[in-house]
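Geometric and topological summary
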Amino acid sequence: LTLPFPTESSEQWRYTTPDQFDFSLASEVGSATLSIADYATGAALTQPGVMLLSFEQALSQEGALINRLLGEEYSADLKSDPISALQLATASSGVMLKVSRNQQLPNWIKLSQLVPSQAKGYAPIIIVKVESGASLRLIEDLDAAAEFNFARLEFVIEANAQLSFVSLQRLPDSSRYLARHRFHLGR
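Residues numbered from 1 in each chain as written. Predicted model: local features only at pLDDT ≥ 70, side-chain atom pairs only at ≥ 80, totals over all residues. Heavy atoms only, no water.

1. Quick notes on the side chain of Ser-112
Just so we agree on the cut-off: Numbering of helices and strands runs from the N terminus; a helix is a DSSP stretch of H or I covering at least four residues, while a strand is a stretch of E covering at least two. Working rule for contacts: check all heavy atoms of both residues, and any pair within 4.5 Å makes them a contact.
Mapped onto the fold, Ser-112 is located in strand β5 (residues 104–114). Residue contacts for Ser-112: discarding those within four places in its chain leaves Thr-33, Leu-34, Ser-35 and Asp-141.

2. Focus: the environment of His-181
Looking at the element boundaries, His-181 is found in strand β13 (residues 180–185). With 54 residues separating them in the primary sequence, His-181 and Ile-127 have C-alpha atoms 9.8 Å apart. Not counting residues within four places of it along the chain, the set of residues in contact with His-181 comprises Glu-140, Leu-153, Phe-155 and Phe-165.

3. With respect to the packing of aromatic side chains
Condition: For this analysis, a ring pair means two rings from Phe, Tyr or Trp (six-membered ring only for Trp) whose centres lie within 6.5 Å, classed as stacked if their planes differ by under 30 degrees, edge-to-face if by over 60, and tilted for the remaining angles.
Tallied over the full model, the rule gives two aromatic pairs. Judged by centre distance (4.8 Å) and plane angle (65°), the ring pair of Phe-155 and Phe-165 falls under edge-to-face. Linking Phe-155 in strand β10 (residues 152–157) with Phe-165 in strand β11 (residues 162–169), this pair joins segments that are 10 residues apart in sequence. When the ring of Phe-155 is compared with that of Phe-183, the centres are 4.4 Å apart and the planes differ by 5°; the resulting orientation is stacked. One end of the pair, Phe-155, is in strand β10; the other, Phe-183, is in strand β13, with 28 residues separating them in the sequence. Put simply, the rings of Phe-155, Phe-165 and Phe-183 touch in pairs and so form one group of aromatic residues.

Rendered as structure tokens:
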């Protein structure tokens, strides 16, 4: 599969040119460790109905959903968008944050990404699923010193669920952050 890389003339890249990113670092990504905690206290989140699943666990519980998000729905991106194709091909880790039906989380939850200091970059796939009637207030806390941050976040918000999302970026000036966020919303 050969796709031309986007240029400044591509609408999505009009203000951020692709040459600002060293895509060769995508082949040198390290695996990130992701964790969740109460944002105010920093205490690890152990609340029933809130799970941070490894990709293996998520596939066994939510295989059809993951196949739809990264297979069927993603295939249109893979055929036309070289950045999406590269992101999926170089994914270094993956997790699913799942909030069970009717679970209410009044406090902000922090999603941290620990990247080994020797890693040139990281490319996690993060799926956030908020089931029907549940609510989640999530802060993605980015402070890794990696040169290339290449995350893909898929948000699945079911009917009558609520999500408040903040991406807190405290990255060094030398770091490049290129993330794709997709939101799949119920009624």
